[in-house]
Amino acid sequence: MPEGTLILRGRVAAVLGDNIDTDIIYPGRYLNITDRALTAGHLFELAYPEIRAHLQPGEIIVAGANFGCGSSREQAAAALKFAGAGAVVAGSFARIFYRNAINLGLPAVVAPEAAGLCRAGDEIEIDLASGSVRNLTRGSTVAAAALDPRAIELIEAGGLIPFLKRKYAA
Amino acid sequence: MGMTLAEKILARAAGRAAVKPDEIVVAEVDLAMSHENADLVRKSFAEIGVARVWDPSKIVIIFDHRIPAESEKTAATHKAVREFVAAQGIANFYDVGRGGICHQVLAERGHVKPGMVVVGTDSHTTTHGAFGAFATGIGATEMAGVWVEGRLWFKVPATIRIEVGGEFQPWISAKDLILYIIGKLGAAGADYRAVEFDGPAVRGMSRASRMVLTNLSMEMGAKVAFTPVDEIGPDADAVYERVLRIDLGRDIGEPQVACPHAVDNVKPLSAVGELEVHQCVLGSCTNGRLEDLQIAAGVVAGRTVHPRTRLIVIPASQAVYLDAMRAGYLETLMTAGAIINPPGCGPCVGVHQGILAAGEVCVSSTNRNFIGRMGSKDSSVYLASPAVVAATAIAGRLAHPQAVVEEALHA
Ligand code: SF4
C-alpha cells in the first residue's frame, strides 16, 4: 500500500468459506520456522495449495465468518503477508489472528457481505478508513467496518515492530 | 452498575474505577507466558531494538511443543531461547524434563493468581481463568511489545454467563459438558466474548475439570473464560450479554464427540455410528491430568488395547507423570498395551510422537480436529473424553465406556 493512502485495490485471489482455521492457513508441523519470510512457502499447504501457487503480490483473500480461528500462531498471518497477500477481507475474524495481522501490517477488513459479493478474479477496492468494499468488476459495494485508529496507525507504520522501533529509537 | 469478572479485572489493571464492553483500555500485564515460540518473540524483540525486557520476573517460558527436540531445526531454536533466557535473567524457564505442557506447568507451579492479567503466545491461555485470571492468547510480535512495555490494549469483552446445574450422569465429564456447549454455540459463538461458568455443578467440579471448561472455551472463540474462585468474582448486578442454563441430567445423557473437521461438529456418541479407530490419544492441556489418567486406567484395567489400535498416553507434566506412576495408573495403562510419551504436546499439534497416516482415524482427548491437525490431511480426528478414548482403544472402534466395562463382566 502506498504511504499515506488508506485505499487499497487488488484482484481477489480466492473466496473461501466460514471458519478457515489456522491449521488450514499454516500447518502446525511448520511452526518451528521462525523466519517470517520462509513461512510463505507453506501457506494453505494442506487444504488449498493452489491458492499459494497462483497468489500474485497485492492480491486479496476474501472469506466468510471467523477467519483465522484456532491457534495463536503468528505464522498464519505472516505466511499470508510474505506470500504477497495485500489484505484479507472476511465476514469476521478470530481475535488473535486479527491482532496478528494488524501487528504485522497486513490489513484485515471485516465485511460481512463481501464473500457473497466477490468471485475469484474480481477487482476490488477497499477504503480502510471509512469502511467499504467496492467490487469494481461487478459495480457493487458492501459496507465494511472502519479500521480502528489504533489499527490504522499500525498499518501505516508497517506493523508493530517498526512502530515500536520508532517510538523507542533514542 | 455492577461489573462482570472480566470488566473488574480489566478496570483494576487499567487503573480505572469502571469499564464497560467495547471500550478500549490499556492494561498492565502481570504475567507473560511463551513456549517454543519464544524464539519468534525474541526475534521481534531484537528487531525493536530495546536491550532489556520490562520485567524478567513476570515472564515465564516453558518448552512443550517439540520436546525433546525432534529435529536439528528445533534444537537450534531451543538453544537460541536458552541463551536469551540466560542473557535476560528470566528465572521462570522450564526446559526439557523440568516442566511439561505450558498451561499445566503455569498452573501447577502457582504462577497464576486470581485477578491477574495473563497473556500467553498460545491460544489456550484461556485455561487460566480457572484460577480467576483474565488470561488470553496473543501473537508473537504482540508479545515482543509486552516484553518491551509491560502493557497491552484490550477491547473490554461482553460476557456470556453459563450456569450449570444437575448431576453428571455416569461416564459424563467436563469434556462432554464443554463439547456440548461448543456444539450449541458454534465455533464463533463466543468470539471476542468473556465466558463465566458458574452454578452448583461447576462449583462441585475439581480444579482439573474446571480447567477443561476454560481451556476449550477457546474453541468457541472466547477471549477469556472463568470458573469461580473465592478471591474475586463478578458483582451481583453485573450485566451479561446472554445467560445460558444447562442441566446436566436433562441435557447431557451420553458422551459427546466432536467429529471431523470442526470442534463444533458435536454429536452424542450413539449418533456417530460405527467407526473403526487406529489411534487413540490421551493427553494435552485439555485432558492429560491425573484425574484423566485415573479414569482411563480404570477403563483399561485388566483389558488389552485392540490389535487394530494403538493407545498413546501423554501425562501433561512431569509432576502428573510422577503422580500417575506412583498411583499405578501408568503401569495399568502400559500393561494394557499403551505407550507413554514424555510430557508435552506431541501429536496434539501434529509434529511428532504419533502422526496419522492418510486414511487413519484417531479418537483423542485433545482439543482440535482440524484438517491435518494430527498428520495427513486425509486423516480424521474425533475429540472425546478420556473415558471414551480409553474405551475406544479397547474396542478398536468408537465405544461407550459403559459397554466396554460391561462386556468384560459378561465374558
Ligand atoms: S497440548 Fe495441544 S493445544 Fe495444548 S498447548 Fe500443546 S499443542 Fe496446544
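Residues numbered from 1 in each chain as written. Chains lettered and ligands numbered in written order. Predicted model: local features only at pLDDT ≥ 70, side-chain atom pairs only at ≥ 80, totals over all residues. Heavy atoms only, no water.

*Asks:* Pulling in residues and values, what's your account of the overall build of chain B?
*Replies:* Within chain B, the secondary structure is distributed over 15 helices and 18 strands. Its C-alpha atoms give chain B a radius of gyration of 21 Å, within 12% of the compact-globule value 22 Å for 411 residues. Dimensions of chain B along its principal axes, counting C-alpha atoms only, are 65 × 55 × 40 Å. Looking at chain B as a whole, 64% of its 411 residues qualify as buried. Across chain B, contacts joining residues at least 24 apart in sequence account for 75% of those joining residues at least 6 apart. Looking at chain B as shown, the accessible area adds up to about 13900 Å², and 51% of this sits on carbon and sulfur atoms. For chain B, the distance from the average site of its 38 positive side-chain charges to the average site of its 44 negative ones is 3 Å. (Helix = DSSP H or I, 4+ residues; strand = E, 2+ residues; numbered from the N terminus. Rg over C-alpha atoms; globule rule 2.2 N^0.38 Å. Buried < 20%, exposed > 50% of the residue type's maximum accessible area, 1.4 Å probe, protein only. Contact = heavy atoms within 4.5 Å. Areas by Shrake-Rupley, 256 points an atom, 1.4 Å probe, with all protein chains shown as cover. Lys, Arg positive; Asp, Glu negative; His and termini not counted. Charge placed at Lys NZ, Arg CZ, Asp CG, Glu CD.)

*Asks:* How would you summarise the packing of aromatic side chains if you had to cite specific residues and measurements?
*Replies:* The full count for this structure, using the stated rule, is 11 aromatic pairs over all chains. Between A:Phe67 and A:Phe93 the ring centres are 6.1 Å apart and the planes differ by 80 degrees, which places this aromatic pair in the edge-to-face class. Of this pair, A:Phe67 sits in the loop between β2 (60-63) and α4 (75-82) while A:Phe93 sits in the loop between β3 (87-90) and α5 (95-103), and the two are 26 residues apart along the sequence. Of the two residues, A:Phe67 and A:Phe93, neither departs from the other in class, the shared state being buried. Here the aromatic rings of B:Phe84 and B:Trp147 are separated by 5.3 Å at their centres, their planes lie at 15 degrees, and the arrangement is stacked. Here B:Phe84 is found in helix α3 (residues 72-88), whereas its partner B:Trp147 is found in helix α5 (residues 140-149), with 63 residues between them in sequence. Neither B:Phe84 nor B:Trp147 differs from the other in exposure class; each is buried. Three or more aromatic residues joined by ring pairs form one cluster here, namely A:Phe67, A:Phe93, A:Phe97 and A:Tyr98. Over the face of the ring belonging to A:Phe82 we find A:Lys81, whose NZ or CZ atom lies 6.0 Å from the ring centre. Above the face of the B:Trp153 ring, A:Arg99 is positioned so that its terminal group lies 3.9 Å from the ring centre. (Phe/Tyr/Trp six-rings, centres within 6.5 Å; stacked < 30°, edge-to-face > 60°. Lys NZ or Arg CZ within 6 Å of the ring centre and 35° of its normal.)

*Asks:* Which residues make up the site of the ligand, and what values go with them?
*Replies:* All names here are of chain B. Within the structure, the ligand sits among His65, Ile101, Asp122, His124, Ser284, Cys285, Cys345, Cys348, Val349, Asn367 and Arg373. Here the shell around the ligand is built from residues that sort into five nonpolar, four polar and two charged. Here the shell around the ligand gathers at least three residues from each of two domains, domain 1 (24-155) and domain 3 (256-410). (Near = heavy atom within 4 Å. Nonpolar A, V, L, I, M, F, W, Y, C, P; charged D, E, K, R; others polar. Domains from an automatic or database assignment.)

*Asks:* An account of the nonpolar core is needed here, citing residue identities and associated values.
*Replies:* Core analysis: the largest hydrophobic core is formed by 106 residues, its most contacted members being A:Phe44, A:Phe67, A:Leu80, A:Ile126, B:Ile61 and B:Trp147. For A:Ile126, the residues in contact, after removing those within four places along its chain, are A:Leu6, A:Ile7, A:Leu8, A:Ile60, A:Ala87, A:Val89, A:Val109, A:Ser132 and A:Val133. Counting residues in hydrophobic clusters, the runner-up holds 40 residues, among them B:Ile172, B:Tyr180, B:Ala225 and B:Ile312. (Core = buried A, V, L, I, M, F, W, Y, C linked by side-chain atoms within 4.5 Å.)

*Asks:* Tell me what's going on with the sheet that holds strand β6 (residues 134-137) of chain B, and back it up with residues and numbers.
*Replies:* Residue and element names in this part refer to chain B. What the five strands build is an open sheet, ordered β4-β3-β2-β5-β6; its pairing is parallel. Among the strands making up the open sheet, the edge pair consists of β4 (93-94) and β6. Strand direction decides the pairing type here: strand β2 (residues 31-34) and strand β5 (residues 117-120), joined by three bridges, are parallel. Paired with Met33 across the two strands is Gly120, which belongs to β5. Of the strands in this sheet, β2, β3 (59-62) and β5 are in contact with α5, which crosses β2 at around 140 degrees. (Pairing = 2+ DSSP bridges. Axes fitted to C-alpha atoms, helices over the stretch in contact; angles between N-to-C directions.)

*Asks:* Quick rundown of the pairing of β2(A)? Include the residues and the values.
*Replies:* Residue and element names in this part refer to chain A. Across the two faces of β2 the burial is the same, with Ile60 and Val62 and Ile61 and Ala63 all buried. Direction of pairing for strand β1 (residues 7-15) relative to β2: parallel, over a ladder of three bridges. Looking at the pairing, Ala14 lines up with Ile61 of β2. What joins β2 to β3 is α4, and the crossover it makes is right-handed. (Right-handed = clockwise from strand over helix to strand, strands pointing away.)

*Asks:* How would you explain the state of the cysteines if you had to name every residue and give the values?
*Replies:* Joining two cysteines, a disulfide is a covalent bond between their sulfur atoms. Under the definition given, this model contains zero disulfides over all chains. The cysteine B:Cys259 is free of any disulfide, with B:Cys362 supplying the nearest cysteine sulfur at 13 Å. (Disulfide = S-S within 2.5 Å.)

*Asks:* Residues and numbers for the packing of helix α8 (residues 160-168) of chain A against helix α2 (residues 38-48) of chain B, please.
*Replies:* Each pair of packed helices can be summarised by the angle the axes make with each other and by the distance between the axes. One way to put it is that α8(A) packs onto α2(B) with a least axis distance of 8 Å and a crossing angle of 40 degrees. With respect to α2(B), the element α8(A) is oriented oblique. On the side of α8(A), the interface is formed by A:Ile161, A:Leu164 and A:Lys165, while α2(B) contributes B:Ser44, B:Glu47 and B:Ile48. Broken down by class, the residue content of the contact of α8(A) with α2(B) amounts to three nonpolar, one polar and two charged. (Parallel < 35°, antiparallel > 145°, perpendicular 65-115°, else oblique.)

*Asks:* Got a sec to walk through the domain arrangement of chain B? Specific residues and values, please.
*Replies:* Residue and element names in this part refer to chain B. Under the domain assignment, chain B is made up of domain 1 (24-155), domain 2 (159-251) and domain 3 (256-410). Between the C-alpha centres of domain 1 and domain 2 there is a distance of 26 Å. Listed by partner, the interface residues are 19 residues for domain 1 and 16 residues for domain 2. Carbon and sulfur atoms make up 64% of the surface buried where domain 1 meets domain 2, a total of about 1400 Å² over both sides. When residues of domain 1 are sorted by the area they lose upon contact with domain 2, His124, Thr126 and Ala130 head the list and together hold 34% of the total. For the pair domain 1 and domain 2, the number of links is eight residue pairs in polar contact (both at pLDDT 80 or more). Those elements giving two or more residues to the side of domain 1 that touches domain 2 turn out to be α4 (102-108), β6 and β7 (151-155). Taken together, the residues of the side of domain 1 that touches domain 2 sort by class into eight nonpolar, 10 polar and one charged. (Buried area = accessible area lost by both parts, 1.4 Å probe. Polar contact = N/O pair within 3.5 Å; in protein donor to acceptor, adjacent residues only side chain to side chain.)

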